[in-house]
Every structure is written in structure tokens, then in C-alpha cells.
Amino acid sequence: MRIAISAEGKNLSSRIDPRFGRAKWLIFYETDSGTFEAINNMQVLNLPQGAGIQAAQHVIDGDVEVVLTGHCGPNAFKALSAGKVQVVIGATGTVLDAINRFEAGELEPARSPDVEGHW
């Protein structure tokens, strides 16, 4: 399974970035192999509008099945859902902490966004 995690840095020890669309980095993690790829999200981070939708498109294009993040706004949530990507909100700690909690079944997919747009 391929997971995307919103992150403040580009490795597994980086802290979770609580904002999905305006995260500095997106970590694409392969659960089968334990390998990962860091995607720089800085261009999206500084957009005046549409950051969540653009970040969602990167995730969809990356064949990701699940996103782990702190919070997700309505536009990003809708785009991810349309792309058949499950959204898990409430992730905290490091990227590796979130992955481990998800794999242990401690984090479940959200049914709706948890913040307003432009959060």
C-alpha cells in the first residue's frame, strides 16, 4: 500500500505537518517495502487559493491509497475522495509515528473534512 503523509521535513523522523494542502513536504511511503520518497510541496504551499486541491492532485498522481495528516479542508477532502484516496486526520508526532499508528489500526479514515477552507 502507498501512503502519503503531510510532513514538515523530508524524512521519516520529520514532524507531521498539521495542514495537508499547505504542508511543506509530502512523504510517499510504501508499506510493503518500507521505502519512501519525499515530495517538495513548497510551490503549492504559497498559492493564494487551491493549495489543497493541488496537493491532492500530487497524491492522486502518485497512486496513493491513503493520506495521513493532521487536518484536511473541504476542497482537498473532496478531491482526494474523488480520486479514491482515503483521508485519515488526527495524525500527530513524527511521520514514522503516524505510519506505525495507522498500521496498528489506531487511525481510521475520516468521513468528512475537519476544518474550513483556507485554514
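Presented here is a report on the structure given in the accompanying data block. (Residues numbered from 1 in each chain as written. Predicted model: local features only at pLDDT ≥ 70, side-chain atom pairs only at ≥ 80, totals over all residues. Heavy atoms only, no water.)

1. Notes on the environment of Met1
(1) Moving on: Positionally, Met1 belongs in the segment before strand S1 (2-7).
(2) Moving on: A relative accessible area of 34% means that Met1 is categorised as partly exposed.
(3) Moving on: With 63 residues separating them in the primary sequence, Met1 and Val64 have C-alpha atoms 7.7 Å apart.
(4) Moving on: If we skip the residues at most four places from it in the chain, Met1 touches Tyr29, Glu30, Thr31, Asp32, Glu65, Val66 and Phe102. (Helix = DSSP H or I, 4+ residues; strand = E, 2+ residues; numbered from the N terminus. Buried < 20%, exposed > 50% of the residue type's maximum accessible area, 1.4 Å probe, protein only. Contact = heavy atoms within 4.5 Å.)

2. Some remarks on helix H2 (residues 51-61)
(1) Moving on: Those residues of H2 not exposed but buried are Ala51, Gly52, Ala55, Ala56 and Val59. In a view along the axis of H2, the buried residues occupy a sector of 130°, so they form one face of it.
(2) Moving on: Backbone geometry just downstream of H2 places Asp63 in the positive-phi region, at approximately 55°. (Arc of directions from axis to C-beta.)

3. Comments concerning the pattern of salt bridges
(1) Moving on: Within the structure shown, the criterion is met by three salt bridges.
(2) Moving on: In this structure, Arg2 engages Glu37 in a salt bridge whose closest nitrogen and oxygen atoms are separated by 3.3 Å. With Arg2 in strand S1 and Glu37 in strand S3 (residues 36-40), the pair connects residues that are 35 residues apart, well separated along the chain.
(3) Moving on: By relative accessible area, Arg2 is classed as buried at 17%.
(4) Moving on: The exposure class of Glu37 is partly exposed, given its relative accessible area of 39%.
(5) Moving on: The network of salt bridges with common partners includes Arg2, Glu30 and Glu37. (Salt bridge = Lys/Arg side-chain N within 4 Å of Asp/Glu carboxyl O.)

4. Remarks on the sheet that holds strand S2 (residues 25-30)
(1) Moving on: Spatially, five strands are ordered S3-S2-S1-S4-S5 in an open sheet, and the strand pairing comes out mixed. Every interior strand has two partners, whereas the edge strands, S3 and strand S5 (86-88), have only one. This sheet shows a mean twist of 20° between the axes of neighbouring strands, independent of strand direction.
(2) Moving on: Alignment of S1 against strand S4 (residues 66-68), held across three bridges, turns out to be parallel. Bridging from a neighbouring strand, Ile3 pairs with Val66 of S4. (Pairing = 2+ DSSP bridges. Axes fitted to C-alpha atoms, helices over the stretch in contact; angles between N-to-C directions.)

5. Quick look at the packing of H2 against helix H3 (residues 74-82)
(1) Moving on: Relative to each other, H2 and H3 sit at 25°, their axes nearing to 8 Å. On the basis of the axis angle, H2 is roughly parallel to H3. Our pair here, H2 against H3, has a crossing hand that is right-handed. Across the interface between the two elements, Gly52, Ile53, Ala56, Val59 and Ile60 from H2 touch Asn75, Ala76, Ala79 and Leu80 from H3.
(2) Moving on: Here the residues of the contact of H2 with H3 are counted per class, giving seven nonpolar, two polar and no charged. (Parallel < 35°, antiparallel > 145°, perpendicular 65-115°, else oblique. Left-handed = near helix turned anticlockwise from the far one by under 90°. Nonpolar A, V, L, I, M, F, W, Y, C, P; charged D, E, K, R; others polar.)

6. Thoughts on unusual backbone geometry
(1) Moving on: One non-glycine residue, Asp63, adopts positive backbone phi at about 55°.
(2) Moving on: If you trace the backbone, Asp63 turns up in the loop between H2 and S4.
(3) Moving on: Take Asp63: its relative accessible area is 61%, and that puts it in the exposed class.
(4) Moving on: Unlike most non-glycine residues, Lys84 shows phi in positive territory, near 65°.
(5) Moving on: Along the chain, Lys84 turns up in the loop between H3 and S5.

Interpretation note: all reported values are geometric properties and have no functional meaning in isolation.
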